[in-house]
Amino acid sequence: MKNKNTIIFLTLVVTALCLYYLSITFYSRGIQADAIEYAKDEAGVIDQQKKQAYLDSIWMEPVLNIMGAEFTYKDIKEIELNLGLDLQGGMHVTLEVSPVEIIKGLSANSQNPEFLSALELARERQVGSQAPFTQLFQEAYNEVSPNGQLSRIFANAANRDRISFESSNAEVMEMIDGEVDQAIDRAFQILRTRVDRFGTSQPNIQRLQGTGRIQIELPGVDNPERVRKLLSGVAKLEFWEVYQANEIGGTLSAINSELLTIEKQEAQSLKGTQLDASATDSDNPLEQQLAQTDTTGADSTALNNGVSSFFSLQQMGPFQGFYYNLADTAKINRILKNERIASLIPNTLSFKWDIKVAEGTELLQLYPIKVSRSGAPLTGEVITDARQTIDDKARPAVSMQMNAVGAKKWKNLTGQNINRSIAIVLDNYVYTAPNVIGEIPNGSSSISGNFTVEEAEDLANILKAGSLPAPTRIVEEAVVGPTLGKEAQRQGITSIVAGLVIVVLFMIAYYAKGGLVANVALVFNIFFILGILANLGAALTLPGIAGIVLTIGMSIDANVLIFERIREEMREGIPLLQAINSGYKKAYSSIIDANVTTFLTGAILYFLGQGPVKGFAVTLMIGIICSFFSAVFITRVIVTWMTKKGNESKLSFETPLAKGKLSSLNIDFLGKRRMAYMISTVIIVAGAIALATSGLRLGVDFKGGRSYVVQFDEPMVASEIKTALSSGAFSEDGVEVKTYDASNVLKITTSYLVEQESQEADAEVRTALVSGLTQATGKTFIDGTVELGEGQFTISGSSKVGATIADDIKKSSFEAFGLSILAIFLYILIRFRRWQFSLGAIVALVHDAFIVLSAFAIAGMLGISFEVDQVFIAALLTVIGYSINDTVVVFDRIRENLQLKGSKDLIGTFNMSINSTISRTLITSMTTLIVVLILFIFGGEVLRGFSFALLIGILVGTYSSIFIATPTVVDLTKKTLSAAADKEQASARAKASAKAEATAQQG
C-alpha cells in the first residue's frame, strides 16, 4: 500500500493530540468534582458561591504538570472540551440594540411630526421584515414626506462636523448608518466587559454581523434575573479625580495597622487549630490551598516586618500605583469589605479596579478615587463625539468633543488636575486614567498613550456610550437548569453507547474479521471527533451528540461500500489480495461523492444556522472528515498488515450469516416506477391535506413566544393543565402543554405578549404562568434548583424568541434548504456531466422533503405531534445529505456500467446497477436506521422531532434513490435519446430526399 507510513504517522499525531486534549478535559472534570465536594454541606446541598470561590482561588495557580510544563486552571479551561448549555445548564441570550433611540438621539429628540410618524411606521414594519431598520426608516420617511429634507432634522450642534443643512438625504442616511453601526460596537464593548466580570467560566459573546444583534452564552449561571439586569442596564460613564499616594498616606497607614492586628489574630487562631485541621482535612492540595485563602492570605514574614497583606501583595507594575496579581484581587476585595477596615476609609475615598489586565502581565491596578456625595464631576452625557485618531507622534489616540456644559466643567476639572490623573470610569470600573498635561478650555481633548489602534477604537466607543443612548433589549433567551443539563448528558451518553454496541455487533456478525477492522476505525472516528472538538474550542451540544450518533451509522457506509466491492470481486474468482486492492479502488469515487454531498449540507447548516443547529453542523462536518480518514485509510493500513507475508487466511469478509445474501438479485425495479410515482403522490397529497387542515406544530423558533419546562413533585396530566391555563391570562393567545421526558415534567408554550420583548413583559408572562399553575394544581412555586418537596413545582428551563428573530430563523431556514439543493445540483452536474443525473437527484431530494413534512402533518392529525423548530430544519437537511449519499452510490455504479455497456439497453443497465448496489443500500440504511431509532428512544424530548424526521428520512431516502431518482434519470434520458434518434432520422430523410432530387435533375 502506498503512503502507508504517512497514514500511520498522521494517525499517531492526531491520536496524540486527541489524547492530550481529552486527558486535560478529564483532569478538569476532576477539579470541578473536587470543587463540588468542597462546596457541599452536611445535607449534600451545594453552595454555588463556595464552589466558585474554590475555582477562583486556583484560577491562576499551577494545578497540573506535564513533562515540566505547568498548567494553571485557567490554561486547562481554555484547552478542555467545552459542553454546550444544554448539557451543563446556563443561559443563552440574544440582545438587539435599539436603533430607534439612536436615531432620536441623533435628531436631538426632534418633535417633527413627519419624523415621528416615519419612526413609528418603520417600527411597525420591522416586525415582519428582515431589512435593516435604517432602510425601513428611510422608506417610511419618503412615504410620509416625499419632498422632505432629513438635514433639517439632523443638522444640529452635535452633528455639525459631519452634515449641514445643505446635505442630501443620502448623506444624512450614511451618517445615521455609521452611528447605528458604531452604537452596536459600543454595546458589544460594554457587554463584553460586563460578561468578563460576571464570574462564569468560559463565557462567550459575539456580534452577529449584519443583524444589529449580540449573542451571549453564560454556562452554569443560576440567577437569570441578575443576568437580565446586568445585560440590559444602561452604561454608566463617569470622570473622577484620582488621589496621589501621599494625599491618602494617613488612611493607608491606618489600614495597614488595623489589618496587621486582624491578620495576627487570625494567624494565632489558625496556628492553634492547625494540628486538628491537618488530621481531618482532605489530602487534596487544591482544598488545602483554598482553606488557606479563607484567611486574608497574610504572609508570616511580612507580618513580622510590620507589613499587612494589603501592601505585601503589591506588585511592581508598568507605572506607579497599586498593582496586584489577578489571583490576589479576591483577597484585596475581602480586605476592603471587612467592617473594621471599611470604617477607616473616609467617604471621599473609593477604591476602583482597572477594567483590564496590564499588558504583558497578570496584574490589575487598584485606583484610589476622589468621590463626593454630589456624584461624579462629569458624566458621559456631555460627550458629543469621540473618534480614533493619530497624535503628533504618529501614535494611535482618541479625539473627544464635549457640549458647552461639558466643556465648561472639563475646563475646571483639567485645570485643577494638571500633572495628575483623571479616571474614566465605566460601570464602576476604571477604563483608563490619562494624565492631564494642561487645562483644556474648549471641550476638545486628545487622549494618547501606549494604545494600539484597536484599543483606541474601543476607548472611542466607550466614551461615546454616554453621548447617544443605545439601549439593548433581549429578543431571544434560553435558560437551561442544571437538572435538565445532567439529564441531557445521560440521554446523550446512553444513545452513543447503545448505538455503538449494536453497530459493532452487527458488523462482526455480518463481515467477520472485516467487520472487526471497521469497528476499530469507528472507535478511532468517535475518538477523533471529540478530540478535534476540544482542539478547536468548539462546544459539544445535545444536537452535537445527535451528530455523533448519526455519524456512527453513516461512517459504516464507507466500509460497507469497500467490503461489498471486495466480496463482488471474490465472487468473480479474484484472489483476496487483488480483490482488496480492487475493492478499495472501485469504492473510492463513490465514497468521495457521498461524503462531499453530505459535507455540503453540513457547511450550509453551519453558515446559516444558529445555536443548536450550528453545533450539530460542526460535529457532522468533523464526523464526515474523520469517518473518511478512518474508514478508508486506517482500515487499509490494518487490512494490509493482516494480509502481509501470505497470511490471507487471517482476514475474511463474510460469515455464514451473510454468505450469498443479496448477491444474485435480479429485480425489475424500473418496471415498478409508475407504481412508485403513484404511491409517492398519494402520500404527498395526504400530507398536503393534513397540512391544510391541522398544519404543523411550530415551535417558538418559527412563530415567536415563550416556553417553560415545569417540573412537579408528582405526575401531571397535560390536557388538564392546558384546560386550566386556557381559562386564565392565556385564553386569548393560546397555550400548548405537553409531557416533556417524564410524567412529572411539562413543557408549556404560549404566544401571550409575543409582540412585547421587554423584561416587564417577560416578568408578566412568568407571573401569569406561576399564578395559573398554582390555582390549577394547588401547589407552591419554588424558584431555583432545589429538590422539590411535597406539593411544590419549579421552572427548570425557559426560552423566549421574539417575533423578529422568528422571522429571521424562518428566512435562514428557507435559504439553507435552497442553497443545499443548488449546491448538490451543481456538484452532481460537475461529477456526472449529465443534467439528467442532477435533475433526477434534485427531484428525489424535494420528494423526500415533502414526504417528511407529510409524515409530520399526518402524525399530528393522529395525535402524535412533534415540534417543528431549528433542530427540525437540521434534520431535514441531514435527510437531504443522507438521501443524496445513497443516490450518488447508485449513480456511480450506473456511470461505471454505462461506460462498459453503453446506453443501448438503458433500463437493463440501470436495473443491473441498482441490483448490484442493493446490499450496500440495505445494510447502510439498516445500521443507520437502528442507530437513529435508539436516538429516538433514548435521546430525550429535545431530539424527539429530530430523530423522527431522520427515521422517516432514512426510509424514504432509501426508497427514493431506487424508485424516484434513478427512474427520473431513465425517463429524462430516454426522452433525450428518443429526440436525438428522431433528429438523426429526420436528417437522414432530408439527405435522401435532396439526393433523389439532385439525381432527377441530372436525368
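This text goes with the structure placed above it.
Residues numbered from 1 in each chain as written. Predicted model: local features only at pLDDT ≥ 70, side-chain atom pairs only at ≥ 80, totals over all residues. Heavy atoms only, no water.

## What about the overall build of the chain?
When you go through the chain residue by residue, the secondary structure sums to 31 helices and 26 strands. Here the chain holds 1003 residues, and the buried ones make up 51% of them. Long-range contacts, defined here as pairs at least 24 residues apart, represent 74% of the contacts in the chain between residues at least 6 apart. (Helix = DSSP H or I, 4+ residues; strand = E, 2+ residues; numbered from the N terminus. Buried < 20%, exposed > 50% of the residue type's maximum accessible area, 1.4 Å probe, protein only. Contact = heavy atoms within 4.5 Å.)

## Digging into the packing of aromatic side chains
In total, this model carries 28 aromatic pairs according to the counting rule given. Ring plane angle 80° and centroid distance 5.9 Å describe the contact between Tyr 324 and Trp 353, whose orientation is recorded as edge-to-face. Of this pair, Tyr 324 sits in strand β9 (residues 322-325) while Trp 353 sits in strand β10 (residues 349-353), placing them 29 residues apart in sequence. Accessibility assignment for this pair places Tyr 324 and Trp 353 in one class, buried. Members of the aromatic cluster, joined through ring pairs, are Phe 524, Phe 527, Phe 528, Tyr 588, Phe 628, Phe 629 and Phe 633. Against the face of Tyr 584 rests Arg 636, its NZ or CZ located 4.7 Å from the ring centre. (Phe/Tyr/Trp six-rings, centres within 6.5 Å; stacked < 30°, edge-to-face > 60°. Lys NZ or Arg CZ within 6 Å of the ring centre and 35° of its normal.)

## Some details on helix α25 (residues 718-726)
Since the α-helix turns once every 3.6 residues, residues separated by three or four places project in the same direction. Restricting attention to buried positions, one finds in α25 the residues Ala 718, Ile 721 and Leu 725. Mapping the buried residues of α25 onto a view down its axis gives an arc of 65°, with all of them on the same face. Exposed and facing more than 90 degrees away from the buried side of α25 are Glu 720 and Thr 723. (Arc of directions from axis to C-beta.)

## Describing the nonpolar core
Counting 139 residues, the largest nonpolar core has Met 507 and Phe 946 as the members making the most contacts within it. When residues in this core are grouped by element, the largest group, 17 residues, is from helix α29 (residues 870-901). Those residues in contact with Met 507 that lie beyond four places of it in its chain are Ala 512, Gly 515, Ala 518, Asn 519, Ile 556, Val 560 and Phe 563. Listed in part, the 40 residues of the second largest apolar core include Ile 103, Ile 184, Leu 231 and Val 479. (Core = buried A, V, L, I, M, F, W, Y, C linked by side-chain atoms within 4.5 Å.)

## Considerations on the sheet that holds strand β13 (residues 383-390)
Strands sit in the order β13-β14-β17 across an open sheet of three strands; the sheet is antiparallel. Each end of this open sheet is capped by a strand with a single partner; those strands are β13 and β17 (444-448). Taking the axes of each pair of neighbouring strands and ignoring which way they run, one obtains an average angle of 20° across the sheet. Two elements, β13 and strand β14 (residues 396-402), share seven bridges in a ladder whose sense is antiparallel. (Pairing = 2+ DSSP bridges. Axes fitted to C-alpha atoms, helices over the stretch in contact; angles between N-to-C directions.)

## Description of the environment of Gly 583
Note that Gly 583 resides in helix α21 (residues 576-608). Of the residues examined, Gly 583 reaches a relative accessible area of 0% and is grouped as buried. Put simply, Gly 583 and Ile 562 are 21 residues apart on the chain and 5.5 Å apart in space, counted from C-alpha to C-alpha.

## Here's the deal with a nonpolar patch on the surface
Residues Leu 819, Leu 822, Leu 826, Leu 829, Trp 835, Leu 839 and Val 843 make up a contiguous nonpolar surface patch of about 560 Å² in total accessible area. Those elements giving two or more residues to the nonpolar patch turn out to be α27 (803-832) and α28 (835-861). Examining the composition of the nonpolar patch, we find that four residues originate from one element, α27, more than from any other. With respect to the helices and strands, Leu 819 occurs in helix α27. (Patch = residues over 30% accessible without salt bridge, like charges linked within 9 Å, V, L, I, M, F, W, Y side chains within 5 Å. Areas by Shrake-Rupley, 256 points an atom, 1.4 Å probe, with all protein chains shown as cover. Salt bridge = Lys/Arg side-chain N within 4 Å of Asp/Glu carboxyl O.)

## Observations regarding the pattern of salt bridges
The full count for this structure, using the stated rule, is 16 salt bridges. The residue Glu 241 makes a salt bridge to Lys 370 at a minimum N-O spacing of 3.9 Å. Remark: Lys 370 occurs in strand β11 (residues 363-370) and Glu 241 occurs in strand β7 (residues 237-242); sequence separation between them is 129 residues. Overall, the relative accessible area of 14% leaves Glu 241 in the buried class. The partly exposed category is assigned to Lys 370, whose relative accessible area is 26%. Note that Arg 340 and Glu 258 form a salt bridge whose closest N and O atoms lie 2.8 Å from each other. Of this pair, Arg 340 sits in helix α16 (residues 339-342) while Glu 258 sits in helix α11 (residues 249-280), placing them 82 residues apart in sequence.

## Focus: the pairing of strand β4 (residues 90-97)
Counting buried positions over the eight residues of β4 gives eight, a clear majority of the element. Burial along β4 is two-sided: the face carrying Gly 90, His 92, Thr 94 and Glu 96 and the face carrying Met 91, Val 93, Leu 95 and Val 97 are both buried. Pairing analysis gives seven bridges linking β4 to strand β6 (residues 213-219), with the strands arranged antiparallel. If you follow Thr 94 over to β6, its bridge partner there is Gln 215. As paired strands, β4 and strand β18 (residues 472-480) are joined by eight bridges and run antiparallel to one another. Bridge pairing in β18 places Val 97 opposite Thr 472.

## Focus on the side chain of Thr 887
By the secondary structure assignment, Thr 887 is in helix α29. On the basis of relative accessible area, Thr 887 is assigned to the buried category, the value being 1%. Leaving out residues up to four positions away in the same chain, Thr 887 has contacts with Ser 961 and Ala 965.

## Topic: the pairing of β14
Taking burial as the measure, the seven residues of β14 include six buried ones, the bulk of the element. Where β13 folds back onto β14 in an antiparallel hairpin, the turn is made up of five residues, including Ala 394, whose phi is positive at roughly 65°. With five bridges connecting them, β14 and β17 associate as antiparallel partners. Paired with Met 400 across the bridge in β17 is Ser 445.

## Focus: the environment of Glu 477
Mapped onto the elements of the fold, Glu 477 is located in strand β18. Glu 477 gets classed as buried once you look at its relative accessible area, which sits at 6%. Placed 262 residues apart in sequence, Glu 477 and Gln 215 show a C-alpha to C-alpha distance of 9.7 Å. Aside from chain neighbours lying at most four places away, what touches Glu 477 is Met 91, His 92, Val 93, Arg 228, Ser 798, Ser 799 and Lys 800.

## A closer look at the state of the cysteines
The full count for this structure, using the stated rule, is zero disulfides. Unpaired in terms of disulfides, Cys 18 finds its nearest cysteine sulfur in Cys 626, a separation of 7.3 Å. Classification of Cys 626 by relative accessible area gives buried; the value is 4%. (Disulfide = S-S within 2.5 Å.)

Read these as layout, nothing more, since geometry by itself doesn't imply function.
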